[in-house]
Amino acid sequence: MLTVALAALRTRWTTLIGTFVALALGVGLIATMGLGLASTFDTPVREPQRFAASRVVVMGHDTLTVPVRRGASTAQVSQRLAHPHPVDSELLSDLRKLGPVTLAGRQATGSGGPDAVGVDAPVADVRRVVGDRAQVLTGDDRRRADPATEQDAEALLTVNALLGTAAGITAFVSVFVVASTFAFAVALRRREFGLLRTAGATPGQLRRLLLTEAAVVGTLASAAGCALGLWGAPRLAQLLVDGGAAPSWFTIRPVAWPLHAAFWTGPAVALAGVWAASRRAGRTGPAEALREADVDTGLLPPVRRLLGFALLAGAAFLMTKSLVTDPSGLLKRKTYTTQPMVLITAAALLAPLLVRPLTRLLRLPGATGMLVRANTAASLRRTAAVAAPVLITVALAGSVLGSAMTVSQSKAAEAREHTRADLVVTGEDLRGLAARPVPGATLSASASTAVFVREEGTALIRSQARAVDDAKSLAAVERLPVVAGDLRDLDDRSIVVNEEWEQHTVGATVRVWLGDGRPVSLRIAAVLAVGTGNNGAYVTAANAPTAPVDRIDVRLAPGADRTAVTAALRGTGGTVRSTDQWLAATHPRTSPQTRLGLIVVLGIALVYTALALANTLLMAGSVRSAELNALRLAGATRPQMLGVVAGETLFAVGLGAVLGMAVTAVNLAGLGAALATLSAPVTVTVQWPVVGATAGACAVVAVAAAMAPRAVRHG
């Protein structure tokens, strides 16, 4: 069987070259993303910088550790404090008695003390003096006192999320396109299979022949793909560094498991793509196979139909469940990037079932239009094979980009709705802004902080919060979405939460840990709607004494001199901007990192779609000689024949684009429903230029590939 399969590959290499390239590219992309992802799991090993000359580093506590339930036992869970503890003056005095103390690169905390100091003294003596008042770091652990350590960890987390999402979509697109390409290539060989059956080949021999061909092509393509991945991974890392999505030190590490995973994905996808088609080819009798070679019938097997409807039901269930139980989850990038793939897959699997009804709804003028419509309806496999990759690409472009823009614009609209301020003062200085009363204006000074709450005894949740100096000023300057209680009731013994909290009943007491780790019990004064996720908790400044004021919202009194107020606010030490200017600066549509990630994802999808379209149409064109010759004998001119071929191709691409936009509409409708459920502004946005450009690129590639065989044969 291997000899027969190799002989078939030698004679049919022109029809399989596209499948080989698609599979090699898919394996290469998976290897590239895997190598990049593996390189984000650990921060680079660096020598201590800030206290490189000190034997010991004493650093204030910077984490909160709380016991939580894990089944029948308990576990310790840690979160980084919003306001790490300083090395206080008493401890600093005790350390100076042991030896020289270094305040290298001194970083003052809100209480005025340094966050860490270097000590040249025996480690045992330092530990004895420090006790549990601070942390004692030695050796490589001294790097924890370097600001770059935390920045490195955050940067790697960002790159990890970006590459993880890109890897998921890459695997989805490549697996689906490669499997569909294999299935279509097998479907085009029905006449060959009929002849083999007539010659005495058994169904089992046909299946083994196809599976052997797939295994050989898959293995060779995987080897080429792994080489491509090794070449592409460093270039991907450089692209991320140049685009600002990764830190300057980010490089690809020599890790083996991504290459193993990518290599074995190739044969697995090839075998999976050809398995169902091989079983169908094996069950077909000789005469039936020859008869079916002209018109597509029964092209949606029961298994594919069942899987398509199951995924359709699954997509509906996931969206309904999210809307009912966790609508805010639909606003997260990982969710709105990956969840639409379930619906996209369902639509792509059911595409042959949807093509014929859509074809019947359209009427094209003239004899050429009649032929285009008739051929499209008769050649459903070819039409569906062209429409499916277009559907995937258009749906991804519309759903992913549309969701990202919808969420960003909703956040900006929500911020605009929630403020009555005319001016906003912001500052970056660690010492904070100096808030002073200004005649003719109401000022609400606040600081960024956090609170921690243990929910259901099993998780320690960090909630972003703002510490305000006066609740009445906050209520006058802000227009927060209060659903229960009153903002003006906020005092030093209370807290404002949102509906996402486990306990959100006004008057109830909730136990929290403040930004510096202190445990307190606070009464709930008011409850806010969840919104887009920016409606965090509010406490008073007394519950965040070390948090520097970083924002002052200003509302002008009627008749106040705006210029005079602005001049007075410059004395706070911050940047004074109008509310519109502040919103434009702090609520951009999408961050550069997000844009780069989306470009990478959509670029991969578009490249694969172009490859799939070219491969499908080149394969289809190679078996249409009899059909086109019949048209020629019926009196069709060469321009008319080319018009029919181009018309069929554009018709199929248009059907895929229509189905892709339908999927996009469903996904964005679900996102809009989630925003409405969360009482957030609904600003559903479709990126028409990107969607149109994507569909146009698909049309150009498809028509060029469809016309190439005809131009060569009849030129």
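Residues numbered from 1 in each chain as written. Predicted model: local features only at pLDDT ≥ 70, side-chain atom pairs only at ≥ 80, totals over all residues. Heavy atoms only, no water.

### Points about the overall build of the protein chain
Stage number 1. Counting secondary structure elements, the protein chain contains 22 helices and 16 strands.
Stage number 2. The proportion of buried residues among the 715 residues of the protein chain is 50%.
Stage number 3. A sequence separation of at least 24 residues applies to 81% of the contacts in the protein chain between residues at least 6 apart.
Stage number 4. Carbon and sulfur atoms make up 60% of the accessible area of the protein chain, which amounts to about 31700 Å² in all. (Helix = DSSP H or I, 4+ residues; strand = E, 2+ residues; numbered from the N terminus. Buried < 20%, exposed > 50% of the residue type's maximum accessible area, 1.4 Å probe, protein only. Contact = heavy atoms within 4.5 Å. Areas by Shrake-Rupley, 256 points an atom, 1.4 Å probe, with all protein chains shown as cover.)

### Overview of the packing of aromatic side chains
Any two aromatic rings considered together are summarised by their centre-to-centre distance and by the angle between their planes.
Stage number 1. Tallying each qualifying case throughout the model produces two aromatic pairs.
Stage number 2. Between Phe41 and Trp257 the ring centres are 6.4 Å apart and the planes differ by 5°, which places this aromatic pair in the stacked class. Linking Phe41 in the loop between α2 (13-38) and β1 (56-59) with Trp257 in helix α8 (residues 257-283), this pair joins segments that are 216 residues apart in sequence.
Stage number 3. Using a relative accessible area of 48% as the deciding quantity, one classes Phe41 as partly exposed.
Stage number 4. A relative accessible area of 43% places Trp257 in the partly exposed class. (Phe/Tyr/Trp six-rings, centres within 6.5 Å; stacked < 30°, edge-to-face > 60°.)

### Comments concerning a nonpolar patch on the surface
Stage number 1. A cluster of nonpolar side chains, namely Phe309, Leu312, Leu353 and Leu354, defines an oily patch on the protein surface of about 300 Å² accessible area.
Stage number 2. Elements with a contribution of two residues or more to the nonpolar patch: α10 (302-325) and α13 (351-361).
Stage number 3. Residue placement: Leu353 occurs in helix α13.
Stage number 4. Looking at Leu353, the relative accessible area reads 32%, which means it is partly exposed. (Patch = residues over 30% accessible without salt bridge, like charges linked within 9 Å, V, L, I, M, F, W, Y side chains within 5 Å. Salt bridge = Lys/Arg side-chain N within 4 Å of Asp/Glu carboxyl O.)

### What to know about unusual backbone geometry
Stage number 1. One non-glycine residue, Glu456, lies in positive phi territory at about 55°.
Stage number 2. Within the secondary structure layout, Glu456 lies in the loop between β8 (441-455) and β9 (459-468).
Stage number 3. What makes Glu456 exposed here is its relative accessible area of 57%.
Stage number 4. The phi angle at Ser679 is positive, at roughly 60°, despite the residue not being glycine.
Stage number 5. Mapped onto the elements of the fold, Ser679 is located in the loop between α21 (638-677) and α22 (688-714).

### Some remarks on the nonpolar core
Stage number 1. Among the nonpolar cores identified, the biggest contains 72 residues, and Val173, Leu240 and Leu396 are the most heavily contacted of them.
Stage number 2. Listed by contribution, the elements that provide at least two residues to this core are α2, α5 (147-187), α7 (203-242), α8, α12 (340-349), α15 (380-417), α19 (592-621) and α21.
Stage number 3. Of all the elements, α5 adds the most residues to this core, at 14 residues.
Stage number 4. Other than its neighbours up to four places away in sequence, Val173 contacts Ile392, Leu396, Ala605 and Tyr608.
Stage number 5. Counting residues in hydrophobic clusters, the runner-up holds 19 residues, among them Val451, Ala465, Ile495 and Ala544. (Core = buried A, V, L, I, M, F, W, Y, C linked by side-chain atoms within 4.5 Å.)

### Considering the sheet that holds β1
Stage number 1. Reading across the sheet, the four strands line up as β4-β5-β1-β6 and stay open at both edges, with antiparallel pairing between neighbours. Each of the sheet's edge strands pairs with one partner strand only, and the pair in question is β4 (101-102) and β6 (135-138).
Stage number 2. Where β1 lies against β6, four bridges are found, and the strand directions are antiparallel. Within β6, the residue paired with Val57 across the bridge is Leu137.
Stage number 3. Of the strands in this sheet, β1, β5 (116-119) and β6 touch helix α4 (residues 123-130), which is tilted by about 165° from β6. (Pairing = 2+ DSSP bridges. Axes fitted to C-alpha atoms, helices over the stretch in contact; angles between N-to-C directions.)

### As for the packing of helix α3 (residues 89-96) against α4
Stage number 1. In contact at an axis separation of 10 Å, α3 and α4 are set at 150° when each is read in the N-to-C sense. As judged from the angle between their axes, α3 and α4 are roughly antiparallel. The hand of the α3/α4 crossing is right-handed. Of the residues in α4, those touching α3 at Leu91, Asp94 and Leu95 are Val126, Val129 and Val130. (Parallel < 35°, antiparallel > 145°, perpendicular 65-115°, else oblique. Left-handed = near helix turned anticlockwise from the far one by under 90°.)

### Some details on the pairing of strand β3 (residues 73-80)
Stage number 1. In this sheet, β3 lies alongside strand β2 (residues 63-70) in antiparallel orientation, the contact comprising eight bridges. Residue pairing in the sheet places Leu64 in a bridge with Gln79 of β3.
Stage number 2. Between β2 and β3, which follow one another and run antiparallel, lie two residues, and Gly71 among them has a positive phi close to 70°.

### A short note on the environment of Gly26
Stage number 1. As for its placement among the helices and strands, Gly26 is situated in helix α2.
Stage number 2. Leave out the neighbours within four places in its chain, and Gly26 touches Ser174 and Tyr608.

### With respect to the packing of α12 against α15
Stage number 1. The geometry of α12 relative to α15 is characterised by a closest axis approach of 10 Å and an angle of 155° between their N-to-C directions. Here α15 runs roughly antiparallel to α12, going by the angle between their axes. Like other packed secondary-structure pairs, α12 and α15 cross with a definite hand, here right-handed. Within the contact between the two elements, α12 uses Pro340, Met341, Ile344, Ala347 and Ala348 and α15 uses Leu391, Ile392, Ala395, Leu396 and Ser399.
Stage number 2. Looking at the contact of α12 with α15 residue by residue, the classes come out as nine nonpolar, one polar and no charged. (Nonpolar A, V, L, I, M, F, W, Y, C, P; charged D, E, K, R; others polar.)

### Things to note about the pattern of salt bridges
One side chain can pair with another of opposite charge once the charged atoms of both are near each other.
Stage number 1. Applying the stated criterion across every chain yields a total of 13 salt bridges.
Stage number 2. A salt bridge links Asp62 to Arg80; the shortest N-O distance between them is 2.9 Å. Remark: Arg80 occurs in strand β3 and Asp62 occurs in the loop between β1 and β2; sequence separation between them is 18 residues.
Stage number 3. Asp62 gets classed as buried once you look at its relative accessible area, which sits at 7%.
Stage number 4. Two residues, Asp553 and Arg551, come together in a salt bridge whose shortest N-O distance is 3.1 Å.

### Section: helix α17 (residues 562-569)
Stage number 1. Among the residues of α17, Val565, Thr566 and Leu569 are the ones counted as buried. The buried residues of α17 all sit within an arc of 100° when viewed along its axis, so they share a single face.
Stage number 2. Contacts made by the buried residues of α17 are with β7 (423-426), β8, β15 (549-556) and β16 (575-578).
Stage number 3. Among the residues of α17, the N-terminal cap falls to Asp561, whose side-chain oxygen and the backbone nitrogen of Thr563 are separated by 3.1 Å. (Arc of directions from axis to C-beta. Polar contact = N/O pair within 3.5 Å; in protein donor to acceptor, adjacent residues only side chain to side chain.)

### Comments concerning the side chain of Asp553
Stage number 1. Within the fold, Asp553 resides in strand β15.
Stage number 2. Excluding anything up to four places from it in sequence, Asp553 contacts Ala421, Leu423, Val424, Thr442, Leu443, Ser444, Val477 and Glu478.

### With respect to the environment of Ala272
Stage number 1. Among the structural elements, Ala272 can be located in helix α8.
Stage number 2. According to the relative accessible area criterion, Ala272 is exposed, its value standing at 53%.
Stage number 3. Taking the C-alpha atoms as reference points, Ala272 and Ala183, separated by 89 residues in sequence, lie 9.3 Å from one another.

### Overview of α10
Because an α-helix packs 3.6 residues into every turn, residues spaced three or four apart end up facing the same way.
Stage number 1. Over its 24 residues, α10 runs 34 Å from end to end, which matches the ideal 34 Å to within 8%, given 1.5 Å per residue.
Stage number 2. By the burial criterion, the buried members of α10 are Gly308, Ala315, Met319 and Ser322. (Expected span 1.5 Å × (residues − 1).)

### With respect to the environment of Thr102
Stage number 1. Looking at where Thr102 falls in the secondary structure, it is placed in strand β4.
Stage number 2. Assessed through its relative accessible area of 30%, Thr102 is described here as partly exposed.
Stage number 3. Among residues more than four places away in sequence, those in contact with Thr102 are Phe51, Ser54, Val117 and Gly118.

### Points about the confidence of the model for the protein chain
Stage number 1. A residue-level look at the protein chain finds 83% of positions with pLDDT of 70 or above and a mean pLDDT of 81.
Stage number 2. Counted against residues more than four places away or in other chains, residues 710-715, with its pLDDT under 50, gives 13 contacts. (pLDDT = per-residue confidence, 0-100.)

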